[in-house]
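Overview (structure and organization)
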Amino acid sequence: MADKQKLDANKKTGVNLNRYETDVTGVSMKTLEAGLWWTKNRGILKNILIIFLLSVSILSWGYTLYGYGYYLLVGMNADEQMVKNLAQSTMVGQAYLDQLKAKNLILSPVGYLALDGKYDLYLQATNPNARWWAAFDYCFTRSAGEKICGKDFLLPGEKKYILSLNQSFNASPNDLKFALTDIVWQKINNHVISNWPQYQADHLNIAVEDQLFTPAKSNAVSEKIALNTLTFKLANNSAYSFYEVPLTIILTSGNRIVYLDRYTISNFISREKRRAEITWPGTISDVTGINITPDLNILDQGAYRQPQ
């Protein structure tokens, strides 16, 4: 019936109402009211946004100008004082860094012993550094240009004699001088060796025992050949075996050195004991001190024998 009435209305008006969408139930009144409110108040909202942005801009510029003015009045002086403090801190830091550097070796005057036209040269060297060790080249020189050179090392805190034995010169070397020609410092890595004294005690645990010097006049064969004799025992109490263990031998009479020598123990196994005997011609008397010291670089891994 409704469709018939609609058809009749179309005929009367001459308009086809079926062409238009007349269902407006999808738009709520709230939506329509909101759209109307936005249309009425859009100008006011625009003004509010402009005022807000102007306020932010004024506050930002005000803070910037305040900060710049404060820096001119107060901050500039503070910066100058900071630079002065930094300079003082840098000097303190440099002094501290200088303390961390290796200190120079301490060297005694050069000495020598004469025997049958040959000369044994020596001096005592001390490494004052607790964690630096040195490998170096050196030369004993004379003013006439004669030169005797060699290589050596000093472990941290070590004091020892540097020897150059059985050397020949054109004349008595009264003007001998000693010079380090090249030195390389190496610092012990704390992560590898945290306690150097303990490391040294464990690796260089070599004891010299039963030292006995017999001068030529007490020797059974001294009527024919004047021979001095030095005997001693060496014990490797460490857990390490070595290819070679060089020994420095110093005999003294009071404070005076009367004999110098070197002796090498080969293939010295852990827990092994050796007896050594050294003889040499000449006349030495009044020996009051015997100093036999291992001269082994325990930081050189090539010195150690690998377990078999």
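This one's a predicted model, so the numbers in the text were calculated from it and none came from an experiment.

**A closer look at the side chain of threonine 231**
Assignment of secondary structure puts threonine 231 in strand β9 (residues 227–236). Beyond its immediate sequence surroundings of up to four residues, threonine 231 is in contact with Asp210, Gln211, Leu212, Arg275, Ala276 and Glu277.

**Considering the pattern of salt bridges**
A full pass over the atoms with the stated rule returns nine salt bridges. As a salt-bridge pair, aspartate 175 and arginine 142 come within 3.0 Å of each other at their nearest N and O atoms. Of this pair, aspartate 175 sits in the loop between β6 (159–167) and β7 (177–187) while arginine 142 is found in the loop between β4 (132–141) and β5 (147–154), placing the two residues 33 residues apart along the sequence. Given the relative accessible area of 27%, aspartate 175 is considered partly exposed. Here glutamate 272 and arginine 274 are joined by a salt bridge, their closest N and O atoms 2.5 Å apart. Taken together, the salt bridges that share partners define one network made up of Asp152, Lys160, Arg262 and Asp295.

**Concerning the packing of aromatic side chains**
Inspection of every chain in the model, using the stated rule, returns 13 aromatic pairs. Between phenylalanine 232 and tyrosine 263, the aromatic rings sit 6.1 Å apart at their centres with planes inclined by 85°, giving edge-to-face as the arrangement. With phenylalanine 232 in strand β9 and tyrosine 263 in strand β11 (residues 256–268), the pair connects residues that are 31 residues apart, well separated along the chain. Look at phenylalanine 232 and you get buried, because its relative accessible area is 1%. Take tyrosine 263: its relative accessible area is 26%, and that puts it in the partly exposed class.

**Notes on the state of the cysteines**
Tallying each qualifying case throughout the model produces one disulfide. Across the disulfide from cysteine 139 sits cysteine 149; the S-S distance is 1.9 Å. Negative torsions about the S-S bond denote left-handed disulfides, and the value of about 100° found for cysteine 139 with cysteine 149 makes this one right-handed. Of the two residues, cysteine 139 is situated in strand β4 and cysteine 149 in strand β5; the sequence distance between them amounts to ten residues. Owing to a relative accessible area of 46%, cysteine 149 belongs among the partly exposed residues under this scheme.

**Regarding the sheet that holds β7**
What holds strands together in a sheet is hydrogen bonding between their backbones, with the strands either parallel or antiparallel. Reading across from one edge, β5-β4-β7 is the order of the three strands in this open sheet, with antiparallel pairing throughout. Here the strands that pair on one side only, and so sit at the sheet edges, are β5 and β7. Pairs of neighbouring strands in the sheet enclose a mean axial angle of 15°, with direction left out of account. With ten bridges joining them, β4 and β7 adopt antiparallel strand pairing. Looking at the pairing, aspartate 137 lines up with aspartate 182 of β7.

**Notes on a nonpolar patch on the surface**
On the surface, a cluster of nonpolar side chains totalling about 1,000 Å² of accessible area is made up of Tyr63, Tyr66, Tyr68, Tyr70, Tyr71, Leu72, Leu73, Val74 and Met76. Here tyrosine 66 shows up in helix α2 (residues 29–100).

**Observations regarding unusual backbone geometry**
The phi torsion at asparagine 166 lies on the positive side, around 55°, for a residue other than glycine. Considering the arrangement of structural elements, one finds asparagine 166 in strand β6. Of note in the backbone geometry, aspartate 210 takes a positive phi value of approximately 50° without being a glycine. Mapped onto the secondary structure, aspartate 210 falls in strand β8 (residues 206–214).

Rules behind the numbers
Residues numbered from 1 in each chain as written. Predicted model: local features only at pLDDT ≥ 70, side-chain atom pairs only at ≥ 80, totals over all residues. Heavy atoms only, no water. Helix = DSSP H or I, 4+ residues; strand = E, 2+ residues; numbered from the N terminus. Contact = heavy atoms within 4.5 Å. Salt bridge = Lys/Arg side-chain N within 4 Å of Asp/Glu carboxyl O. Buried < 20%, exposed > 50% of the residue type's maximum accessible area, 1.4 Å probe, protein only. Phe/Tyr/Trp six-rings, centres within 6.5 Å; stacked < 30°, edge-to-face > 60°. Disulfide = S-S within 2.5 Å. Pairing = 2+ DSSP bridges. Axes fitted to C-alpha atoms, helices over the stretch in contact; angles between N-to-C directions. Patch = residues over 30% accessible without salt bridge, like charges linked within 9 Å, V, L, I, M, F, W, Y side chains within 5 Å. Areas by Shrake-Rupley, 256 points an atom, 1.4 Å probe, with all protein chains shown as cover.

By themselves these figures say nothing about function.
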